[in-house]
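# Summary of the model geometry
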Number of protein chains: 2
Amino acid sequence: MKIVISGLGIIGGSFAKALKKYTDHYIIGINRSPAPLEAALSSGAIDEAGSENSLSEADILILGTFPDASIEFIKKNAGLIPKHCIVIDSAGIKTDICREISAVAKEYGFEFVGVHPMAGKEKNGFAAAEADLFCGASCIIIPGDASQGAVDKITALAQKIGFGRIVYSTPGEHDRMIAFTSQLPHVIACSYVMSPVCKKHPGFSAGSYRDVSRVAHINEKLWTELFIENKEPLIQELDILMENLSSIKSAVEKGNRSELEALLAKSRMIKEELGE
Amino acid sequence: MKIVISGLGIIGGSFAKALKKYTDHYIIGINRSPAPLEAALSSGAIDEAGSENSLSEADILILGTFPDASIEFIKKNAGLIPKHCIVIDSAGIKTDICREISAVAKEYGFEFVGVHPMAGKEKNGFAAAEADLFCGASCIIIPGDASQGAVDKITALAQKIGFGRIVYSTPGEHDRMIAFTSQLPHVIACSYVMSPVCKKHPGFSAGSYRDVSRVAHINEKLWTELFIENKEPLIQELDILMENLSSIKSAVEKGNRSELEALLAKSRMIKEELGE
C-alpha cells in the first residue's frame with residue numbers, strides 16, 4: 001500500500017518509522033516546513049517527500065497534525081483523496097474531529113477511522129520520533145461511520161506496528177476517559193511545578209516529585225487546543241479532583257487520623273483492585 | 001562497628017542489606033514481630049537477631065520505624081544507649097522527631113543525627129528491602145546539635161552504601177521542602193484515583209496516568225502520621241496547588257487560549273530551567 005503521512009512530528013514521525021520497520025508499505029511524508037521532511041527522508045523513515053498532490057495516490061492517509069489543523073487539512077484537500085482511501089487521525093480528543101472529518105468523508109466517499117495512539121513523550125518533533133514508540137501501548141480506535149473492512153484494516157496495521165492493545169470506543173466515551181487519564185495529569189503537573197519552592201527541589205526530591213512533574217514539560221500550543229476542545233469533561237474531572245484534595249486537606253487540618261486513614265485506604269484499595 | 005537497626009521494614013531492611021553489601025560492619029536487627037527478623041537473618045541481611053538489650057553494644061543505632069514509634073523507642077530505651085553511640089532516624093518529617101530525640105540525646109549523652117533517605121517504593125516491609133535502594137538517591141542529613149565528628153561519620157557511611165548526594169538541612173527547611181516534593185504528590189495521587197472513572201482506565205491510559213497514580217498505593221498508617229505531623233507546610237502547599245489548578249480551570253472554562261497558553265508555558269519553562 002501507499003501510505004501518506006501528513007505532519008512528521010513525534011507521532012507522525014513515529015508512524016513513519018514504525019511502518020518502515022515493521023511493514024513493506026511505501027511511505028510518503030507531507031510536512032508544512034521542509035526540515036522534518038528532509039530529516040525523515042535522509043533517515044529512511046519515509047520513501048518520498050510529497051505534497052498535497054500525493055494524496056491522490058494514498059491507500060491510507062495518516063494525520064499527524066494538531067486536531068484543528070487536521071480538520072482544516074481534510075476540508076481543504078478532500079477532493080484529492082481517493083474513494084478507496086482510509087483516513088485516520090491521531091488526535092488526543094475525538095468529539096469535534098470525528099464529527100467534522102466523518103462529515104467530509106461521507107460527502108467525498110472516502111473512509112474515516114478515528115485513532116488515538118496512547119503513547120508520547122515530554123518531547124516533540126521528528127527528532128523525538130521512534131520506531132518503537134507504540135510498542136505495547138494501547139491504540140484507541142473510534143470506528144464511527146467507517147465500514148467494518150476499514151476498521152479491520154486499521155486494526156491489523158496497528159497490531160503490526162507494535163500496539164499491544166486495541167480498544168474500540170466512541171468519541172464521547174473516549175473524551176471522558178482521556179480527560180481523566182491524560183489531560184488531568186497534565187493540568188496537575190503544570191499546577192504542581194508552579195509552587196514557589198519547586199525550583200529548590202534538587203536534593204530534596206525523589207521518584208514522586210519526578211513522576212508527578214514529568215509532563216509539566218508541556219507543548220503549550222497543543223495542550224491549549226486539547227484542553228479547550230474538551231472543556232466539559234476536563235472541568236468535570238478537575239472539580240472531582242479538587243473535591244477529593246479538599247477532603248484530604250480537611251482531615252489533615254482537623255488532625256482527624258481515622259478520617260484521613262480511611263481516605264488514604266480507599267485510594268490504596270482502588271490501586272489494589274486494579275492490580276497496580 | 002556494631003550497627004543496630006530497629007525496625008526491619010523496607011527502609012531498615014534496605015539499610016541492613018546495603019551495610020552488609022558495602023561494608024564489613026556487624027549488623028544486629030531488632031523488630032517487634034519475629035517474621036522480618038527471621039527473614040533478615042536467613043537472607044544474611046543481619047548478623048544477629050537482637051533485642052533492646054543489644055543497644056548497649058551499638059556504635060550506631062538506626063531507627064527504621066515510624067516517627068512516633070521511633071521517638072517512643074528512644075524515650076523508653078535511652079538508658080541502654082552508650083554515650084559514644086550515634087543514633088540516626090529515617091523518618092520522612094523532621095521537626096518533631098529531631099526536637100524530641102535531640103532532647104533525649106542531650107540528657108543521656110549520646111549523639112543524634114536526623115537522616116531522611118530520599119528513596120522508597122510503593123511497597124512496604126522487609127520483602128521490599130533492597131541492598132541498592134539508596135543507590136544514587138539523595139540523603140538529607142539534619143545535623144542539629146550533633147558534633148561535626150558524628151555528622152562526618154554518618155555522611156561517610158551514607159556515601160559508602162550508595163547515596164549519590166548528601167544534602168544538609170534544618171528540620172524546618174526539610175519539612176517545608178518535603179511537603180512539596182513528597183507529601184503533595186502522595187495527596188495528589190490519592191485524590192486522583194478517587195475519580196469514579198479511574199477503575200475503567202485500562203486501555204485508555206498511558207504513562208501520565210501511571211506516573212501520577214503510582215504512589216496512591218499508599219501505606220495509610222504511615223502517611224496519616226506524616227501528613228498530620230507536617231500539617232502546616234502541607235496545607236500551605238495544598239492551597240498553592242488548588243489555586244494553580246483553579247487558574248488553569250478558569251482559563252479552560254472561559255476558553256481563553258492566550259491565558260491558558262501563558263500558564264502552561266510558565267510550567268514548561270520552570271521544568272526547562274531545572275534542566276528536566
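Look a little higher up for the structure.
In short, a report on the structure. (Residues numbered from 1 in each chain as written. Chains lettered and ligands numbered in written order. Predicted model: local features only at pLDDT ≥ 70, side-chain atom pairs only at ≥ 80, totals over all residues. Heavy atoms only, no water.)

### Things to note about the overall build of chain A
Let me state the cut-off plainly: Helix numbering and strand numbering both begin at the N terminus, where a helix is a DSSP run of H or I of at least 4 residues and a strand a DSSP run of E of at least 2. For the exposure calls, accessible area comes from a 1.4 Å probe over protein chains only, and a residue counts as buried if that area is under 20% of its type's maximum, exposed if over 50%, partly exposed in between. Any two residues having at least one pair of non-hydrogen atoms within 4.5 Å are treated as being in contact. Exposure was quantified through the Shrake-Rupley algorithm and a 1.4 Å probe, taking into account, for residues, occlusion by the shown protein chains and nothing else. As used throughout, the charge tally considers Lys and Arg to be positive and Asp and Glu to be negative, leaving His and the chain termini uncounted. Where a charge lies is defined by one atom per residue type: Lys uses NZ, Arg uses CZ, Asp uses CG and Glu uses CD.
For chain A, the count of helices and strands is ten helices and eight strands. The 276 residues of chain A split such that 59% are buried. Counting only contacts in chain A whose residues sit at least 6 apart along the sequence, the fraction spanning at least 24 positions is 73%. Split by element, the accessible area of chain A, about 10700 Å² in all, is 51% carbon and sulfur. Computed over 29 positive and 35 negative side-chain charges, the inter-centroid distance for chain A is 5 Å.

### Description of the sheet that holds strand β7 (residues 138-142) of chain A
Residues and elements named next belong to chain A. Heads up, the condition is: Should DSSP find at least two bridges between two strands, the strands are taken to pair.
If you trace the eight strands from one edge of the open sheet to the other, you get β3-β2-β1-β4-β5-β6-β7-β8, paired in mixed fashion. Across the chains shown, the open sheet's two edge strands, defined by having one partner strand only, are β3 (48-49) and β8 (165-168). The pairing of strand β6 (residues 111-117) with β7 spans four bridges and is classified as antiparallel. Looking at the pairing, H116 lines up with I140 of β7.

### Some thoughts on the interface of chain A and chain B
As a reminder of what qualifies: Accessible surface is computed with a 1.4 Å probe, and the buried area is the amount of it that two parts give up when combined, taken over both parts together. Here, a salt bridge means any Lys or Arg side-chain nitrogen found within 4 Å of an Asp or Glu carboxyl oxygen.
Listed as interface residues are 90 residues of chain A and, on the opposing side, 90 residues of chain B. Summing the contributions of chain A and of chain B, the shared interface buries around 8400 Å²; its carbon and sulfur component is 69%. Contact with chain B buries surface across chain A, with F180, M194 and F204 of chain A losing the most and accounting together for 10% of the total. Joining chain A to chain B, the criterion identifies twelve salt bridges. Among the ionic pairs, E220 of chain A bridges to R268 of chain B, the shortest N-O distance being 2.7 Å.

### Some thoughts on the packing of aromatic side chains
The following threshold applies: Aromatic contacts are taken between Phe, Tyr and Trp rings whose centres are within 6.5 Å, Trp giving its six-membered ring; a plane angle under 30 degrees counts as stacked, one over 60 as edge-to-face, and the others as tilted.
Applying the stated criterion across every chain, the model contains twelve aromatic pairs over all chains. Here F180 of chain A and Y209 of chain B contribute two aromatic rings whose centre-to-centre distance is 6.1 Å and whose plane-to-plane angle is 55 degrees, an arrangement assigned as tilted. Remark: Y209 of chain B occurs in helix α7 (residues 207-213) and F180 of chain A occurs in helix α6 (residues 171-193); the pair is interchain, linking two chains. For the residue pair F180 of chain A and Y209 of chain B, the accessibility class agrees, reading buried in each case.

### Quick word on the relation of the copies chain A and chain B
Cut-off, in case you're wondering: Copy-to-copy superposition: least squares on the C-alpha atoms, limited to residues that have pLDDT of at least 70 in both copies.
Note on the identical chains: chain A maps onto chain B by a rotation of 180 degrees and an axial translation of 0.0 Å, with an RMSD of 0.0 Å. Put plainly, the chains are arranged around a two-fold axis. Interface overlap between copies: 100% of the residues of chain A at the interface are likewise at the interface in chain B, consistent with a symmetric, same-surface contact.

### A look at the sheet that holds strand β6 (residues 111-117) of chain B
Residues and elements named next belong to chain B. Going by this rule: Convention adopted: a line fitted to C-alpha atoms gives each axis, helices being fitted over their contacting stretch, and angles between N-to-C directions are expressed from 0 to 180 degrees.
Taken in spatial order, the eight strands make up an open sheet running β3-β2-β1-β4-β5-β6-β7-β8, and their pairing is mixed. Strands at the two margins of the open sheet, each flanked by one partner only, are β3 (48-49) and β8 (165-168). Pairing analysis gives three bridges linking strand β4 (residues 60-63) to strand β5 (residues 86-88), with the strands arranged parallel. In the sheet register, L61 faces β5, and the bridge partner there is V87. In this fold helix α1 (residues 10-22) packs onto β1 (2-6), β2 (26-30), β4 and β6, with an angle of close to 160 degrees to the strand it touches most, β1.

### What to know about the environment of Y192 of chain B
Quick reminder of the rule: Polar contacts, as counted here, are pairs of nitrogen or oxygen atoms within 3.5 Å of one another; within protein the pair requires one atom able to donate a hydrogen and one able to accept it, and residues that are adjacent in sequence qualify only if both atoms are side-chain atoms.
Looking at the element boundaries, Y192 of chain B is found in helix α6 (residues 171-193). For the pair Y192 of chain B and G44 of chain B, spaced 148 residues apart in sequence, the C-alpha to C-alpha distance is 40 Å. If we skip the residues at most four places from it in the chain, Y192 of chain B touches F180, T181, L184, P185, I188 and L241 of chain A together with Y209, V212 and S213 of chain B. Of the polar contacts made by the side chain of Y192 of chain B, one reaches the backbone oxygen of F180 of chain A; its length is 2.6 Å.

### Examining the side chain of T224 of chain A
Counting through the fold element by element, T224 of chain A comes out in helix α8 (residues 220-229). Within polar-contact distance, the side chain of T224 of chain A engages the backbone oxygen of E220 of chain A at 2.7 Å. One polar contact links the side chain of T224 of chain A to the main-chain amide nitrogen of E261 of chain B, over a distance of 3.5 Å. Residues in contact with T224 of chain A, not counting those within four places in the same chain, are R257, L260, E261 and L264 of chain B.

### Focus on the packing of helix α3 (residues 67-77) of chain B against helix α8 (residues 220-229) of chain B
A pair of packed helices can be characterised by two numbers: the angle between their axes and the separation between those axes. Residue and element names in this part refer to chain B. Heads up, the condition is: Angles are sorted into four bins: roughly parallel if under 35 degrees, roughly antiparallel if over 145, roughly perpendicular if 65 to 115, and oblique for all others. Three residue categories are used. Nonpolar comprises Ala, Val, Leu, Ile, Met, Phe, Trp, Tyr, Cys and Pro, charged comprises Asp, Glu, Lys and Arg, and polar comprises the others, including Gly.
For the pair α3 and α8, interaxial distance at closest approach is 9 Å and the crossing angle is 85 degrees. Classified by the angle between their axes, α3 and α8 sit roughly perpendicular to one another. Along its contact with α3, which presents P67, D68 and A69, the element α8 presents L222, E225, L226 and E229. Per-class residue counts for the contact of α3 with α8 are four nonpolar, no polar and three charged.

### A look at the pairing of β7 of chain A
All names here are of chain A. For β7, a buried count of five out of five residues is recorded, marking the element as mostly surrounded by other parts of the structure. Residues of β7 alternate between two faces, with S138, I140 and I142 on one and C139 and I141 on the opposite face, all of them buried. As defined by bridge partners, β7 adjoins β8 across four bridges and the pair is classed as parallel. Within β8, the position partnered with S138 by the bridge is R165.

### Points about the state of the cysteines
Working definition: the covalent bond between the sulfur atoms of two cysteines is a disulfide. Rule in force here: A pair of sulfur atoms, both from cysteines and within 2.5 Å, is called a disulfide here.
With the rule as written, the count across this model stands at zero disulfides over all chains. Lacking any disulfide linkage, C135 of chain A is separated from the closest cysteine sulfur, that of C139 of chain A, by 13 Å. Among the residues examined, C135 of chain A registers a relative accessible area of 40% and is labelled partly exposed. Note on C98 of chain B: no disulfide assigned, nearest cysteine sulfur contributed by C139 of chain B at a separation of 12 Å.

### Topic: the pattern of salt bridges
Taken as a whole and assessed by the stated rule, the structure comprises 38 salt bridges over all chains. The closest approach of N and O atoms between K20 of chain A and D47 of chain A, which form a salt bridge, is 2.7 Å. Separated by 27 residues along the polypeptide, K20 of chain A in helix α1 (residues 10-22) and D47 of chain A in the loop between α2 (34-42) and β3 bring together distant segments of the chain. By relative accessible area, K20 of chain A is classed as partly exposed at 29%. By relative accessible area, which is 30% here, D47 of chain A ends up partly exposed. Across the pair K221 of chain A and E261 of chain B runs a salt bridge, and its minimum N-O distance is 2.8 Å. Residue K221 of chain A is located in helix α8, and its partner E261 of chain B is located in helix α10 (residues 257-273); the two belong to separate chains. Residue E261 of chain B is classed as partly exposed on the basis of its relative accessible area, which comes to 24%. One network of salt bridges, in which partners are shared, links K75, D96, R99 and E100 of chain A.

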